[in-house]
Amino acid sequence: MDARYRFSCSTSEVDRELVHRWLSEQSYWAQGRKRSVQDAAIDNSRNYGVFDQESGEQVAYARVVTDSVTFAWLCDVFVDASVRGRGVGVALIEGVVADLEPLGLKRIALATGDAHGLYAKFGFEPLAEPWKWMTRQG
């Protein structure tokens, strides 16, 4: 990652308004998500960001839902279009994985429609037995 950016795992640094706008307006998975829902998700998750050192502005976000012992779900990963291609996404996921590593989690899951190559760099792979997994849509 360019030295212009820094990684943070501090929820207090999350620009909630910006993250909500990114996810509810620009993501393919959270279109129309209400701000109250996004705030509750932030409050009940581990949160990560990448910030421009000069301006202090947030340029990327991710959150993890976990029991902090056995399982985690990496979700809501978003990199601002203006900084894509600069290693920000790689630095974000590298920081997330490093933060979770000491927990000794058995499994970290995620779903992606377009960033398989990014996650593969950190050991993520398609499900070995996808027929065992199920979801219930709310």
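See above for the structure.
For the structure given in this document, a descriptive report is provided here. (Residues numbered from 1 in each chain as written. Predicted model: local features only at pLDDT ≥ 70, side-chain atom pairs only at ≥ 80, totals over all residues. Heavy atoms only, no water.)

### Some thoughts on the packing of aromatic side chains
Working step 1: On inspection of all chains with the given rule, the structure shows four aromatic pairs.
Working step 2: Their ring planes at 20 degrees and their centres at 5.9 Å tell us that phenylalanine 7 and tyrosine 48 sit as a pair that is stacked. Separated by 41 residues along the polypeptide, phenylalanine 7 in strand β1 (residues 5-8) and tyrosine 48 in strand β2 (residues 46-52) bring together distant segments of the chain.
Working step 3: The class for tyrosine 48 is buried, based on a relative accessible area of 1%.
Working step 4: Their ring planes at 25 degrees and their centres at 5.2 Å tell us that tryptophan 22 and phenylalanine 78 sit as a pair that is stacked. Of this pair, tryptophan 22 sits in helix α1 (residues 16-26) while phenylalanine 78 sits in strand β4 (residues 71-79), and the two are 56 residues apart along the sequence. (Phe/Tyr/Trp six-rings, centres within 6.5 Å; stacked < 30°, edge-to-face > 60°. Helix = DSSP H or I, 4+ residues; strand = E, 2+ residues; numbered from the N terminus. Buried < 20%, exposed > 50% of the residue type's maximum accessible area, 1.4 Å probe, protein only.)

### Regarding the pairing of β2
Working step 1: Counting buried positions over the seven residues of β2 gives six, a clear majority of the element.
Working step 2: Examined bridge by bridge, β1 and β2 share four bridges and lie antiparallel to one another. Of the residues in β2, the one forming a bridge with arginine 6 is phenylalanine 51.
Working step 3: Hairpin remark: β2 followed by strand β3 (residues 58-66), antiparallel, with five residues in the connecting loop; positive phi at glycine 56, about 80 degrees. (Pairing = 2+ DSSP bridges.)

### Some remarks on the packing of α1 against helix α2 (residues 35-43)
Working step 1: As a packed pair, α1 and α2 sit with axes 10 Å apart at the nearest point and diverge in direction by 115 degrees. Regarding α1 and α2, the two cross each other, and that crossing is right-handed. In this structure, α1 contributes Arg16, Glu17, Val19, His20 and Leu23 to the contact, and α2 contributes Arg35, Gln38, Asp39, Ile42 and Asp43.
Working step 2: Residue composition of the contact of α1 with α2, grouped by class: three nonpolar, two polar and five charged. (Axes fitted to C-alpha atoms, helices over the stretch in contact; angles between N-to-C directions. Left-handed = near helix turned anticlockwise from the far one by under 90°. Contact = heavy atoms within 4.5 Å. Nonpolar A, V, L, I, M, F, W, Y, C, P; charged D, E, K, R; others polar.)

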